[in-house]
Amino acid sequence: MKTVVTISELRSARLELAEPVGLVPTMGYLHEGHLSLAKRAREECASVVATIFINPTQFAPEEDLDSYPRDLDKDLALLEEVGVDLVWMPTPEVMYPENYQTWVTVDELTHVLEGTSRPTHFQGVTTVVAKLFNGVLPQKTYFGQKDAQQVVVIQRMLQDLNFPIEIVVCPIVREPDGLAMSSRNYYLNPEQRQAATVLYRALTAAKEAFEAGEQQAEKLRAIVTNKVNAESLAELEYISCAHPETLIELEGAIEGALLSMAVCVGKTRLIDNIFVGK
Ligand code: PAF
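This section reports on the structure supplied with the text.

The rules we used
Residues numbered from 1 in each chain as written. Predicted model: local features only at pLDDT ≥ 70, side-chain atom pairs only at ≥ 80, totals over all residues. Heavy atoms only, no water. Helix = DSSP H or I, 4+ residues; strand = E, 2+ residues; numbered from the N terminus. Buried < 20%, exposed > 50% of the residue type's maximum accessible area, 1.4 Å probe, protein only. Arc of directions from axis to C-beta. Contact = heavy atoms within 4.5 Å. Near = heavy atom within 4 Å. Polar contact = N/O pair within 3.5 Å; in protein donor to acceptor, adjacent residues only side chain to side chain. Areas by Shrake-Rupley, 256 points an atom, 1.4 Å probe, with all protein chains shown as cover. Salt bridge = Lys/Arg side-chain N within 4 Å of Asp/Glu carboxyl O.

### Observations concerning unusual backbone geometry
Of note, the bond from Glu 19 into Pro 20 is cis; its omega dihedral lies within 30 degrees of zero at 0°. Along the chain, Pro 20 falls in the loop between α1 (7-15) and β2 (21-26). Of note in this structure, Tyr 29 is not a glycine but carries a positive phi near 50°. Secondary-structure assignment places Tyr 29 in the loop between β2 and α2 (32-44). The class of Tyr 29 is partly exposed, set by a relative accessible area of 25%.

See the structure below:
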C-alpha cells in the first residue's frame, strides 16, 4: 500500500492504478463502518484509494476540530489489511493553499436537518469531496448511510456538476447494542455510551410502530421524541420524518420516509437514521 500527501505525488501514483478505481473518503480514526466501505470497494474495483483528511472547513469554530480523534498508524494498518492500494493524506495546506477562494455549495438540501444547526458544514463537505474526486478521479465512490443527508447532498452534487462517478451507499454498521459506529463515540464515557443506545432504540420503536400500522408522520416523530426524552442523559436536537430524496418534512399518512435524528449525549452530538416503508 502506497501513501501520498501532495497533489503531484497523487497524480503520479494515480497513473499506476488499474481501472476502475474506487474511492473511500474518510477523516480517519477508522472503525468497522469505514472498513465496510473499503471492503466493498475492494470487491467491486480493480484499485482502491482511501483518503484521510480531517477537513477543517466542515467544522464550525465551536465544533470539535482540535479534539477530533486521530490514530494515523492504526488507520494505515487497517487500510492495508483490507487491501487498499493507495492512501492520500493531504495536509490542510495541500487542500487549502494560501489565497484559496473556491467553494462548492448545494442549495436547499443543505438548509434542513443538519444544516439548521450546522449552516456551514455542508459547504465544507461538498467542497472537499469535489476536490477529492478531482484529485483521485475514481469511477466509483463509497459513502455510509449513517450520514444520510451527506449522501443525498453528494448525490445532488454529482448529478448537478456532471461528475462521471457512481456513488455506492453502504449500510450503517452498528455495535451489538445498536449504536451506529462513529468516530465520535470515542468521546462517550461508559454511562453516556449506555445512554447513546437510545438513538437506535427510538428509531426502531418508530419503525416497529409503522410496520404495525402507524402511518402518521407526527406520531412517528412523537414516538422517537418520547423515547429520547425518557433518557435523562440524552437531549434531542431534532427528529425528522422526511422524503428520502428531497428531505422535505412529511405530514399526515405516509407510505415511507427517512427518519433521521440528532441527539446530544453530554457534549457529544450523535446522528442516526432509519428508513421506514417504501
Ligand atoms: O463523512 C466523512 O467522514 C466526511 O464528511 C468526508 C466525506 C470524508 C468529507 O470530509
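### Notes on α1
Inspection of α1 places Leu 10, Ala 13 and Arg 14 among the buried residues, and these make up the whole buried set. The buried residues of α1 all sit within an arc of 105° when viewed along its axis, so they share a single face. Projecting away from the buried face of α1 at angles above 90 degrees are the exposed residues Ser 8 and Leu 15. In the core, the buried residues of α1 are packed alongside β1 (2-4), β2, β4 (86-88) and α6 (121-136).

### A few points about the site of the ligand
The full set of residues close to the ligand is Pro 25, Thr 26, Met 27, Asn 55, Gln 58, Val 128, Val 129, Phe 143, Asp 147 and Gln 150. Gln 58 places a polar side-chain atom, nitrogen or oxygen, 2.6 Å from an oxygen atom of the ligand. In this structure, Gln 150 approaches the ligand through a side-chain N or O atom, which is 2.7 Å from an oxygen atom. For the ligand, whose accessible area on its own is 290 Å², the fraction buried by protein is 89%. Contributing elements (two or more residues each) for the shell around the ligand: β2 and α6.

### Some details on the pattern of salt bridges
Applying the stated criterion to the full structure yields 18 salt bridges. Of the charged contacts, one joins Arg 42 and Asp 85 as a salt bridge, the two residues approaching to 3.0 Å between their closest N and O atoms. One end of the pair, Arg 42, is in helix α2; the other, Asp 85, is in the loop between α3 (72-81) and β4, and 43 residues separate them in sequence. Overall, the relative accessible area of 29% leaves Asp 85 in the partly exposed class.

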